[in-house]
Amino acid sequence: MVWRPGGRATALCVMPLSLVLGLVQAAETEPSDKQILVMRKLQPESYVDLARIWKGGLPIPVCWEANVAPFAEQKQWVEDIVRQRLENPTAVRFKGFAVQTKRWPTCSAESLGIRISATEGRPRSDVGKQWSPSPSDPKRQQIPTRMQLDFKLGGAYESYCGNQKRKCLEVIALHEFMHAIGFLHEHLREDAPQECRERFGHEGDDTGILPNKFSVIYDRASIMTYCESIYDRPIRLSAEDITAVNHFYQTQ
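Quick summary incoming for the structure in this document. In this text, all values refer to a predicted model and were calculated from it rather than measured experimentally. (Residues numbered from 1 in each chain as written. Predicted model: local features only at pLDDT ≥ 70, side-chain atom pairs only at ≥ 80, totals over all residues. Heavy atoms only, no water.)

Counting across every chain of the model gives 6 aromatic pairs. Their ring planes at 25° and their centres at 5.5 Å tell us that Trp104 and Phe177 sit as a pair that is stacked. In this pair, Trp104 sits in the loop between strand E4 (94-95) and strand E5 (114-118) while Phe177 sits in helix H5 (residues 165-180), placing the two residues 73 residues apart along the sequence. Grouping aromatic residues by their ring pairs yields a cluster made of Trp64, Phe71, Phe94, Trp104, Phe151 and Phe177. Sitting over the face of the ring of Trp131, Arg140 holds its NZ or CZ atom 4.0 Å from the ring centroid. (Phe/Tyr/Trp six-rings, centres within 6.5 Å; stacked < 30°, edge-to-face > 60°. Helix = DSSP H or I, 4+ residues; strand = E, 2+ residues; numbered from the N terminus. Lys NZ or Arg CZ within 6 Å of the ring centre and 35° of its normal.)

So this is what it looks like as structure tokens:
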């Protein structure tokens, strides 16, 4: 979704300030670590759009739009965190890290895959592999998966990120890349905390074309939930996030 101050959101996936601030409190009761491990042996955990997984498409191409050129240092932060916290612990792969420079290229007019541009506003990403007119249409054609990141983190983010802008950008980028490979917000599940679902009910979220809730329990540690603050904890996927990514990408 795209957020505008004082306005309503439209259906795209974004990173809200409240995810950084942790405005929603954790649920009071949760299963023990031992119970969770037992349940994870039965099924992986997450909420994903089956229609937009990158099937047979690894490595996924990624490129930078021309307007990102002034942010060389921030580009490196994003590339590094995606490699360290998404590629390294999972089976998903992005085109560019295997070449000598290990950096994503500048987009050409024909570039598909994930195209990242700079914005001065709320970050957002399309969910998964994009098709026109739709994934189910026999005449479908692939179109770019577009992502926008705010490399300045000014405005409202200035107050909350302060001198930790790198951490803010890294956690936002990791969240948006999970969207870009097909994952939906974990708090969309009906078993997410009621307070959280009510708080974000106005967001106009992307609920997916073929959403698949194949887990046994809501994952409060997921990088994809708004219900918990991810600002004051290590930047990483939850164990369940990693299991779910591997479930969909390890055979490709």
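Take the environment of Ser134 next. Assignment of secondary structure puts Ser134 in the loop between strand E7 (130-132) and strand E8 (141-143). The exposure class assigned to Ser134 is partly exposed, which follows from its relative accessible area of 23%. The sequence separation of Ser134 and Ile209 amounts to 75 residues, and the corresponding C-alpha distance is 9.4 Å. (Buried < 20%, exposed > 50% of the residue type's maximum accessible area, 1.4 Å probe, protein only.)

Quick look at the pairing of E5 now. By the criterion of burial, E5 is predominantly enclosed, with 5 of the 5 residues buried. Of the two faces of E5, both are covered, the one formed by Ile114, Ile116 and Ala118 as well as the one formed by Arg115 and Ser117. Relative to E5, strand E3 (residues 60-64) runs parallel, the two being bridged by 3 bridges. The residue of E5 that forms the bridge with Val62 is Ile114. (Pairing = 2+ DSSP bridges.)

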